[in-house]
Amino acid sequence: QVQLVESGGGLVQPGGSLRLSCAASGNIFSIYTMGWFRQAPGKEREFVADINWSIGGTNYTDSVKGRFTISRDKAKNMVYLEMNSLKPEDTAAYFCNADLGWDSSLRSRSWGQGTQVTVSS
């Protein structure tokens, strides 16, 4: 079994910053990508950013480019999302996602339980 646990959400004023963390644990033998999605009330879940585990290449949705930065700690199996210049439209539940190999031969995408980010004055 694989578990992804997010932390770092909260309430922040517009223009503020937050840092989300996600830790992957379990019988993992390889990580291919890790990333973040978000889902606002009444909307579909959308891609935010991801990072290639081996080479560190990153992708971002256009609305967060220049404001959010994704990074990883390979030794700890952790991914981070540094969010700056936050806007009310960034308000959503943020979900960690990982494409990884586990239990010797399995490969699948796993999701965390989500952490709430609220941007409001």
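Preceding this paragraph is the structure being described.
First, a word on scope: everything that follows refers to the structure included in this document. (Residues numbered from 1 in each chain as written. Predicted model: local features only at pLDDT ≥ 70, side-chain atom pairs only at ≥ 80, totals over all residues. Heavy atoms only, no water.)

1. A few points about the nonpolar core
Next up, step 1: By size, the foremost hydrophobic cluster in this structure holds 31 residues, and its most contacted members are Met 34, Trp 36, Val 79, Leu 81, Met 83 and Tyr 94.
Next up, step 2: The leading source of residues in this core is strand 9 (residues 92-102), at six residues.
Next up, step 3: Among all residues touching Leu 81, those that are not within four sequence positions of it are Leu 18, Arg 19, Leu 20, Trp 36, Val 48, Ala 49, Phe 68, Thr 69, Ile 70 and Tyr 94. (Core = buried A, V, L, I, M, F, W, Y, C linked by side-chain atoms within 4.5 Å. Buried < 20%, exposed > 50% of the residue type's maximum accessible area, 1.4 Å probe, protein only. Helix = DSSP H or I, 4+ residues; strand = E, 2+ residues; numbered from the N terminus. Contact = heavy atoms within 4.5 Å.)

2. Side note on the pairing of strand 8 (residues 78-83)
Next up, step 1: Extensive coverage of strand 8 is indicated by the burial of five of its six residues.
Next up, step 2: Relative to strand 8, strand 3 (residues 18-26) runs antiparallel, the two being bridged by six bridges. Along strand 8, the bridge assignment pairs Leu 20 with Leu 81.
Next up, step 3: Bridge count between strand 7 (residues 68-73) and strand 8: six bridges; the pairing is antiparallel. (Pairing = 2+ DSSP bridges.)

3. Thoughts on the sheet that holds strand 3
Next up, step 1: Across the sheet, which stays open at both edges, the four strands sit in the order 1-3-8-7 with antiparallel pairing between neighbours. Each end of this open sheet is capped by a strand with a single partner; those strands are strand 1 (2-7) and strand 7. The sheet shows a mean angle of 15° between the axes of neighbouring strands, direction not considered.
Next up, step 2: Alignment of strand 1 against strand 3, held across six bridges, turns out to be antiparallel. In the strand pairing of strand 3, Glu 6 is matched with Cys 22. (Axes fitted to C-alpha atoms, helices over the stretch in contact; angles between N-to-C directions.)

4. Re the side chain of Arg 67
Next up, step 1: The residue Arg 67 is located in the loop between strand 6 (58-60) and strand 7 in this model.
Next up, step 2: Residue class for Arg 67 comes out buried when judged on its relative accessible area of 10%.
Next up, step 3: Reaching out from Arg 67, the side chain makes a polar contact with the side chain of Asp 90 at a distance of 2.7 Å.
Next up, step 4: Residue contacts for Arg 67: discarding those within four places in its chain leaves Glu 82, Met 83, Asn 84, Ser 85, Leu 86, Lys 87 and Asp 90. (Polar contact = N/O pair within 3.5 Å; in protein donor to acceptor, adjacent residues only side chain to side chain.)

5. Considering the packing of aromatic side chains
Next up, step 1: Going through the model one piece at a time under the given rule, you end up with two aromatic pairs.
Next up, step 2: Geometrically, the ring pair formed by Phe 37 and Phe 47 is edge-to-face, given 5.6 Å between the ring centres and 80° between the ring planes. Remark: Phe 47 occurs in strand 5 (residues 46-52) and Phe 37 occurs in strand 4 (residues 28-39); sequence separation between them is ten residues.
Next up, step 3: Seen from their ring centres, Phe 37 and Trp 111 are 5.0 Å apart, and the 70° between their planes marks the pair as edge-to-face. Of this pair, Phe 37 sits in strand 4 while Trp 111 sits in strand 10 (residues 106-111); the two residues are 74 residues apart in sequence, bridging distant segments of the chain.
Next up, step 4: Classification of Trp 111 as partly exposed rests on a relative accessible area of 39%.
Next up, step 5: Here the aromatic residues Phe 37, Phe 47 and Trp 111 are joined through ring pairs into a cluster of three or more.
Next up, step 6: The ring of Tyr 80 is capped by Arg 19, whose NZ or CZ atom sits 4.1 Å from the centre of that ring.
Next up, step 7: Sitting over the ring of Trp 111, Arg 45 keeps its end group 4.7 Å from the ring centre. (Phe/Tyr/Trp six-rings, centres within 6.5 Å; stacked < 30°, edge-to-face > 60°. Lys NZ or Arg CZ within 6 Å of the ring centre and 35° of its normal.)

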